[in-house]
Amino acid sequence: MSDVDVAVVGGGAAGALVLAHLTRLAATRLRVALIDRGPGDLGSGTAYRSTDPAHLLNVRAGAMSAWPARPGHFTHWLSANGWSGVTGDDFVPRAAYGAYLASLVYDAADGDQADVRLIRGRANGVHRGFDGWTITIDGAAPVLATEVVLAIGIEPPAQAWVPRRLRGRPRFVADPWRPGALDGVGPDDPVLIVGTGLTAVDVAVSLSARTRRPIIATSRNGLLPFAHTPEVRAPMPLDGTALPASVKQLRHLVHQRVRESIAATGDWRPAIDGLRPHTQAIWSGLAEADRREFLRRDLRRWDNARHRMAPAVADAIDGLRAAGQLSIAAEHPSVAIAVAEPDSWIINTTGPDPDLAGSTNPLIQQLFAEGYVTTGALGMGWATTDDGQLRDAYGEPVPGLWTLGSTRRGQLLETTAVPEIRAQALALAERLRDMPSPRHGPGHRVRRDQYGLPILTTARAGEHFDDAVRRVLRVQRGAEEALDAATAEDPSFALAHTVRALLAVEGVIRVDAWSALAEAERAAGVRTDARTSSLLRAVAGRVRANDPAGLLRHIDEFPRDALVVNACVPTIAFGGATQVPQHAWAIVERLAPVYGEDWWYLGLLAFVRQEQHRWAQSADLADRALVADPSGGHAAHARSHVYYETGEHHAGLEWLDGWIKGPGRTAFQSAHYSWHAALHELALERWVDVSARLRGQLSPRSVSGVRALVDSASLLWRCHVLGASPQPVAIDEVLGAVPEEFLREPRTAFIGLHAALALAAAGDLARLEALRRYATGRTEPTFDLVAVLVRALSAYVAGDYALTVELISRRTGEWVRLGGSDAQREVIDDTLLSALHRAGRYASTSADPTTRALPAPPSPNPLEVVKRLSSGTSPQAARSSRRG
């Protein structure tokens, strides 16, 4: 279990506001950690740590409350803390706001709404683990958190423009906000400030009291921020239904509004202020090319007009310029530095680099290096969802990792001022406050599974659930027992009940799917989350209407829900959400960026590659997966297919037997691996070994249900048509281990295929006819093939081999629609070859069996036909020829 529910990394304004809103909104006692490296009071951050009384807020006090619904909260705090007479229209020192934020932090820590830990130290890494996120901290113990909010604030000024010879020079100040950075400036020292924004203004005001020499401030455009007016003017309203859709329209709108505002009030500022509530809507509605043009041509003028100086600061700047103590130049920094006096102090106030990928912050570097973050739109900040959840290097939301403020720039144009940060902090706190929610109950926490998705339950129930998922992904026995343990530990664990229903409807566990679904819906009424609700809807559709569409929608929203991805792909354990191979392949292949080198995913991708006849790639993927987890069932399954399809029967049989007795001894589908081994034995004409396998690993005593049908019964039919009799196990014994509904009303065409083979092996023409009528009545297009195959097998059983040949050959190339693997559908080819032989015809590898008849071979054994078809060809070509 985690140390805290939420860890907030960064103790500036963004972190303080998140903490304040979290503790205020929490309905149960949250455990929260606030981690900050800075000196001084927590909450003040870099922006509000200044002690110079001349550094004023550039927003009126009435707009700076931490609580949107209580706009007077900051001014009331000021009055209660020695700042009498301050009104909401005033501009107060930034230090006062820093003290206000610090009071919010300490009030939250002292309150009874949350257990708050205040941790001093620099966070240098955030690492995903099984139970959440581990935050490593310089000078402090690591913190384990379920959710992490990265409130890291604004980066130091960029230095890309700084000449190499200047870096490291004693009189070069890379970051003027570093404590003591300006202390060395003497009264007779010349000063060059690079930049003319709000930071440059503050530096100029501070240094004017230190030096008698004129100060030069330079930037490429030489523009200073505009000033607020002393009096308050109401913003000019804007119709939010008619926003500009291009940068050209935006310029036109701004110019038009400015003209109208000046005409009405004599001031342009109300026109700009009226745009503020709509800024993000306008920004999100612009095309990327328009956004880039705005950044290149319009941003600096917008910032100068939007982010203004307090009137008193503007008066001070005007006074300095009038007295000759400050001059503003429009020059490239390199030119200004070249002509500056040799012993000048060079103060960097150019602002941070918007692209965080070049940051020297160890935490930011680690997040990029491990792929937890990626650069945001237009090369600025980090990519996030609309609610501030970070996106990883593949563009997928990262569960449990959030951010706000300056790091969201690019997606949000305005995201560094307190009003915007306050709104983001409130929205984020509302998202996080219910973890745990009022309905969670004692001990029910949001944990993370091995793929980072939330599981809302107790620690012990979560461990059982994780075990169940791992067993399913490995194709191991024991998933049902692990789910039983999870729901016994936490009867309202809705996700476990839902997965139980999914595995039941897929035939993975022997549980009634309808009852399991009812339990899942009951549990969800007590406690649920977004992932559980999505999966429950999907499983309900699967159980009640045999509709897999909901499962596909679920993995669109939760692509790292590996078990559900597994269920959507036809494999050894699941029937899949589609029987069209290309569709199944697409499900797997598009998730490569999500899973990377994950052992389970590599095994699943290996199976896809063998279906695509990309044998070498499949073998490589399977081998890599098996190195990571030797018991991985999907990788072992893919490897089995590759051995068979490439004709490596001796090596394949040896490998399979070793795996079955070793890492695969707990495999859930052990019968299927034995079936694969039996195919090698058939190819090697080791009839005694095939018989021993049918009497042992594939006998009704060892296997039942769908595996008895798909593996044992189909192998008996294959032996029958290949003439490998007498058969060691009676087909009636095998059918006794198969549920009657599989034979009478199969839910999928794949099961219908094997029901037909089993009934043909039993020689049961009456039940074959009933199955044909059932398949004919199904509306799914694949069941028409089942009906045709049933007719072909019935004709074979009745001795009409010519009709069998006609019916199977007529649909050549279509049998793949039945689902399953090439090796499984190969039994149709075997049936065709046997019918050809019995009808007195057989085909060469270069002929279509329906158009060329040859004399019957002297040997009565159809296996000889197979051998003649295969002689002199590669294994792939032989298999292709056998399929006609």
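Everything numeric in this text was worked out from a predicted model, so none of it was measured.

(A) Region of the structure containing the pattern of salt bridges. For the coordinates displayed, the defined rule picks out 49 salt bridges. A salt bridge links Asp-711 to Arg-707, with the shortest nitrogen-to-oxygen separation between them at 2.4 Å. Of this pair, Asp-711 and Arg-707 both sit in helix α29 (residues 705-721), 4 residues apart, which is roughly one turn of that helix. Like Asp-711, the residue Arg-707 is buried in the burial classification. Note that Arg-744 is salt-bridged to Glu-740, the shortest N-O span being 3.8 Å.

(B) Quick peek at the nonpolar core. Ranked by size, the top nonpolar core spans 80 residues in total, and within it Phe-465, Leu-503, Tyr-595, Trp-600 and Tyr-673 carry the most contacts. Residues in contact with Phe-465, not counting those within four places in the same chain, are Ile-455, Leu-483, Ala-486, Phe-493, Leu-495, Ala-496 and Val-499. Listed in part, the 65 residues of the second largest apolar core include Tyr-644, Ala-671, Leu-709 and Leu-793.

(C) Representation of the side chain of Asp-561. Inspection of the secondary structure assignment puts Asp-561 in the loop between α19 (549-557) and α20 (562-568). Asp-561 sits in the buried class, given a relative accessible area of 3%. Residues contacting Asp-561, with those up to four places away along its chain left out, are Leu-453, Arg-531, His-554, Ile-555 and Tyr-595.

(D) Structural view of the environment of Gln-325. The residue Gln-325 is located in the loop between α10 (311-322) and β10 (326-330) in this model. Given the relative accessible area of 29%, Gln-325 is considered partly exposed. Sequence separation between Gln-325 and Pro-214 is 111 residues; the distance between their C-alpha atoms is 4.3 Å. What Gln-325 contacts, discounting residues up to four positions off in sequence, is Ser-208, Thr-211, Arg-213, Pro-214, Ile-215 and Leu-320.

(E) Highlighting the packing of aromatic side chains. Scanning all chains against the criterion turns up 21 aromatic pairs. Here the aromatic rings of Tyr-97 and Tyr-100 are separated by 5.5 Å at their centres, their planes lie at 45 degrees, and the arrangement is tilted. Of this pair, Tyr-97 and Tyr-100 both sit in helix α3 (residues 94-110), separated by 3 residues, roughly a single helical turn. The residues Tyr-97 and Tyr-100 share a single accessibility class, namely buried. Between the aromatic rings of Tyr-643 and Trp-655, the centroid separation amounts to 6.0 Å while the plane-to-plane angle is 40 degrees, which identifies the pairing as tilted. Here the residue Tyr-643 occupies a position in helix α25 (residues 633-645), and Trp-655 occupies one in helix α26 (residues 649-661), the gap between them amounting to 12 residues. Residue classification places Trp-655 among the partly exposed residues on the basis of a relative accessible area of 23%. Across the ring face of Trp-67, the terminal group of Arg-24 is positioned such that the distance to the ring centre comes to 4.6 Å. The ring of Tyr-643 is capped by Arg-639, whose NZ or CZ atom sits 4.3 Å from the centre of that ring.

(F) Local environment of α10. For α10, which comprises 12 residues, the first-to-last C-alpha distance of 16 Å matches the rise-based estimate of 16 Å (1.5 Å per residue) to within 8%. Every buried residue of α10 is listed here: Pro-311, Val-313, Ala-314, Ile-317 and Leu-320. Elements that come into contact with the buried residues of α10 comprise α4 (198-208) and β10. Gly-324 lies just past α10 and shows a positive phi near 80 degrees.

(G) Structural detail: helix α5 (residues 247-265). If you check α5, its first and last C-alpha atoms are 26 Å apart, about what 19 residues at 1.5 Å a residue would give, namely 27 Å. Residues of α5 that are buried include every one of Val-247, Leu-250, Arg-251, Leu-253, Val-254, Arg-257, Val-258 and Ser-261, and no others. The buried residues of α5 occupy an angular sector of 160 degrees when the element is viewed end-on, so they sit on one face. Exposed and facing more than 90 degrees away from the buried side of α5 are Lys-248, His-252, Arg-259 and Ala-263. Contact partners of the buried residues in α5: α6 (269-273), α7 (279-285) and α8 (288-297). After α5 finishes, the residue Gly-266 shows a positive phi value of roughly 80 degrees.

(H) Up close: empty space enclosed by the protein. Throughout the structure, instances matching the rule amount to 7 cavities of 30 Å³ or more. In this structure, the largest cavity occupies an estimated 70 Å³ of space. Around the largest cavity, the lining comprises 14 residues; the ones closest to its centre are Asp-449, Val-469, Arg-531, Asp-561 and Leu-563. Listing elements by their share of the lining of the largest cavity, those giving two or more residues are α14 (459-474), α16 (494-505), α18 (530-545) and α20. The biggest single contributor to the lining of the largest cavity is α20, with 3 residues. In terms of residue class, the lining of the largest cavity is built from 9 nonpolar, 1 polar and 4 charged.

(I) Region of interest: the packing of α14 against helix α15 (residues 479-489). Running from N to C, α14 and α15 cross one another at 160 degrees; their axes reach a closest spacing of 8 Å. What the angle tells us is that α14 and α15 run roughly antiparallel. Read as a crossing pair, α14 and α15 show a hand that is left-handed. Facing α14, whose interface residues are Arg-460, Ala-461, His-464, Phe-465, Asp-467, Ala-468, Arg-471 and Val-472, α15 presents Ala-479, Ala-482, Leu-483, Ala-485, Ala-486 and Glu-489. Its residues assigned to classes, the contact of α14 with α15 comprises 9 nonpolar, 1 polar and 4 charged.

(J) Structural context of the sheet that holds strand β9 (residues 215-219). Reading across from one edge, β7-β11-β8-β9-β10 is the order of the 5 strands in this open sheet, with parallel pairing throughout. A strand with exactly one partner marks an edge of an open sheet, and here the two such strands are β7 (172-173) and β10. One ladder, built from 4 bridges, connects strand β8 (residues 191-194) with β9; its direction is parallel. Paired with Val-191 across the bridge in β9 is Ile-215. Contacting β8, β9, β10 and β11 (345-348), α4 crosses the sheet at an angle of about 165 degrees to β8.

(K) Geometry of unusual backbone geometry. Even without a glycine there, the phi angle at Leu-378 is positive, about 65 degrees. For Leu-378, the position within the fold is in the loop between α12 (362-369) and β12 (389-391). Within the chain, Val-475 stands out as a residue other than glycine whose phi angle is a positive 60 degrees. If you trace the backbone, Val-475 turns up in the loop between α14 and α15. Since its relative accessible area comes to 1%, Val-475 is described here as buried.

Rules and cut-offs
- Residues numbered from 1 in each chain as written.
- Predicted model: local features only at pLDDT ≥ 70, side-chain atom pairs only at ≥ 80, totals over all residues.
- Heavy atoms only, no water.
- Salt bridge = Lys/Arg side-chain N within 4 Å of Asp/Glu carboxyl O.
- Helix = DSSP H or I, 4+ residues; strand = E, 2+ residues; numbered from the N terminus.
- Buried < 20%, exposed > 50% of the residue type's maximum accessible area, 1.4 Å probe, protein only.
- Core = buried A, V, L, I, M, F, W, Y, C linked by side-chain atoms within 4.5 Å.
- Contact = heavy atoms within 4.5 Å.
- Phe/Tyr/Trp six-rings, centres within 6.5 Å; stacked < 30°, edge-to-face > 60°.
- Lys NZ or Arg CZ within 6 Å of the ring centre and 35° of its normal.
- Expected span 1.5 Å × (residues − 1).
- Arc of directions from axis to C-beta.
- 1 Å grid on protein atoms, 1.4 Å probe; cavity = no way out; pocket = protein on both sides within 12 Å on 5 of 7 lines; lining within 4 Å.
- Points joined across faces, edges and corners; volume = space filled by probe spheres on them.
- Nonpolar A, V, L, I, M, F, W, Y, C, P; charged D, E, K, R; others polar.
- Axes fitted to C-alpha atoms, helices over the stretch in contact; angles between N-to-C directions.
- Parallel < 35°, antiparallel > 145°, perpendicular 65-115°, else oblique.
- Left-handed = near helix turned anticlockwise from the far one by under 90°.
- Pairing = 2+ DSSP bridges.

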